[in-house]
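Residue strings, one per chain:
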Amino acid sequence: NAGVTQTPKFRILKIGQSMTLQCAQDMNHNYMYWYRQDPGMGLKLIYYSVGAGITDKGEVPNGYNVSRSTTEDFPLRLELAAPSQTSVYFCASRFDRDQPQHFGDGTRLSIL
Amino acid sequence: DQQVKQNSPSLSVQEGRISILNCDYTNSMFDYFLWYKKYPAEGPTFLISISSIKDKNEDGRFTVFLNKSAKHLSLHIVPSQPGDSAVYFCAARLRGQAGTALIFGKGTTLSVSS
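As a convention, each chain's residues are numbered from 1 in the sequence order in which they are written. In the order they appear in the text, chains get letters beginning with A and ligands get numbers beginning with 1. Selection of residues for local features in this predicted model requires a pLDDT of at least 70, selection of side-chain atom pairs for listing and counting requires 80 or more, and totals for whole chains, interfaces and linings are taken over all residues. With hydrogens and water set aside, each side-chain value is computed from the structure's full complement of heavy atoms.

Here's the deal with the overall build of chain B
Stage number 1. Under the DSSP-based scheme used, a helix requires at least four consecutive residues in state H or I and a strand at least two consecutive residues in state E, with every element numbered from the N terminus. The number of helices and strands found in chain B is 0 helices and 11 strands.
Stage number 2. Reading the helices (α) and strands (β) of chain B from amino to carboxyl end gives β-β-β-β-β-β-β-β-β-β-β.
Stage number 3. The quantity called the radius of gyration is restricted to C-alpha atoms. Its globule counterpart is 2.2 Å times the number of residues to the power 0.38. At 14 Å, chain B has a C-alpha radius of gyration in line with the 13 Å of a compact globule built from 114 residues.
Stage number 4. Throughout this description, buried means an accessible area under 20% of the type-specific maximum (1.4 Å probe, protein chains only), exposed means over 50%, and partly exposed covers the range between. Classification of the 114 residues of chain B by burial places 46% in the buried group.
Stage number 5. A separation threshold of at least 6 residues defines the contact pool for chain B, and within that pool the share at least 24 residues apart is 55%.
Stage number 6. None of His or the chain ends enter the tally, which takes Lys and Arg as positive and Asp and Glu as negative. Note on charges: their place is set at NZ of Lys, CZ of Arg, CG of Asp or CD of Glu. Chain B carries 12 positive and 9 negative side-chain charges, and their two centres are separated by 4 Å. The contact rule is simple, with two residues in contact once any of their heavy atoms fall within 4.5 Å.

Dropping the structure here:
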């Protein structure tokens, strides 16, 4: 049981480049989330999804896009990378509202 | 304005002693609280939770206490072990929000020395 898998683990981007952070879960979870964690800070919600085809903005959505075409996958897209998006990105999922979230191991992204 | 606050960035404890990690919150609409543990280069791992209708929940060496009137919760680890050394995040969930995620504190780094 792989749980929540994030790829890549590390990436360096140049300003203005785009990329997609991948997140997949094999637990048949309905809810999926993207967070970012800046140094010395807690996790902040970027986007979330309550099921395939349904997504919504979190606290810090600007500069990001998501899609949820399947239950398993929840990719996060950066269209025009900016230095302020340098962070560690975590994907999480849970089966229903009363279950704790399971996290992936994160993607460390640097934008130079 | 942080809704979930962990005011101690770090805590050092000797092996075998009690570790007490604290968390304060400001929003009375939180109905569920969780503690996560995070090792370097890994994602947070769920540790223990408590509903707002309870004041204590215990799981092995870990106990969480909730004081709603003070808007304060704490995580007790007894006895502390070197493997407990990690960053601990307090998180809270808003009542009635079907899909909303958790609101996290900034974390407390626990160091347990042998």
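Description of the nonpolar core
Stage number 1. Counting residues in each nonpolar core, the largest one holds 23 residues, and the members touching the most others are B:Phe33, B:Trp35, B:Leu73, B:Leu75 and B:Tyr88.
Stage number 2. Taken together, the elements giving at least two residues each to this core come down to strand 3 (19–25), strand 4 (30–38), strand 5 (45–51), strand 7 (62–67), strand 8 (72–77), strand 9 (86–94) and strand 11 (108–113) of chain B.
Stage number 3. No other element matches the 4 residues that strand 9 of chain B contributes to this core.
Stage number 4. When neighbours within four sequence positions are excluded, B:Leu73 is seen to be in contact with B:Leu21, B:Asn22, B:Cys23, B:Tyr25, B:Phe33, B:Trp35, B:Val64, B:Phe65, B:Leu66 and B:Cys90.
Stage number 5. Ranked by size, the runner-up nonpolar core spans 19 residues in total, among them A:Met19, A:Leu21, A:Trp34 and A:Leu76. Here the nonpolar core consists of buried residues drawn from Ala, Val, Leu, Ile, Met, Phe, Trp, Tyr and Cys, with membership extended through side-chain atoms lying within 4.5 Å.

Focus on the interface of chain B and chain A
Stage number 1. With 24 residues of chain B at the contact, the number on the chain A side is 20 residues.
Stage number 2. Summed over both partners, the interface of chain B with chain A comes to about 1,700 Å²; 56% of that surface belongs to carbon and sulfur atoms.
Stage number 3. Ranking the residues of chain B by area buried against chain A places B:Arg93, B:Phe104 and B:Lys106 at the top, with a combined share of 27%.
Stage number 4. Salt bridges are counted wherever a side-chain nitrogen of Lys or Arg sits within 4 Å of a carboxyl oxygen of Asp or Glu. Joining chain B to chain A, the criterion identifies 0 salt bridges.
Stage number 5. Identification of polar contacts relies on pairs of N or O atoms within 3.5 Å, with a donor-acceptor requirement for protein atoms, meaning one able to donate a hydrogen and the other able to accept it, and with residues adjacent in sequence counted only if both atoms are side-chain atoms. Across the chain B-chain A interface, the total number found is 3 residue pairs in polar contact (both at pLDDT 80 or more).
Stage number 6. Of all the elements in the fold, those that place two or more residues in the side of chain B that touches chain A are strand 4 and strand 9 of chain B.
Stage number 7. A per-element tally of the side of chain B that touches chain A places strand 4 of chain B first, with 5 residues. The buried area of a pairing is the accessible area, by a 1.4 Å probe, that goes missing from both parts when the two are put together, added over both.

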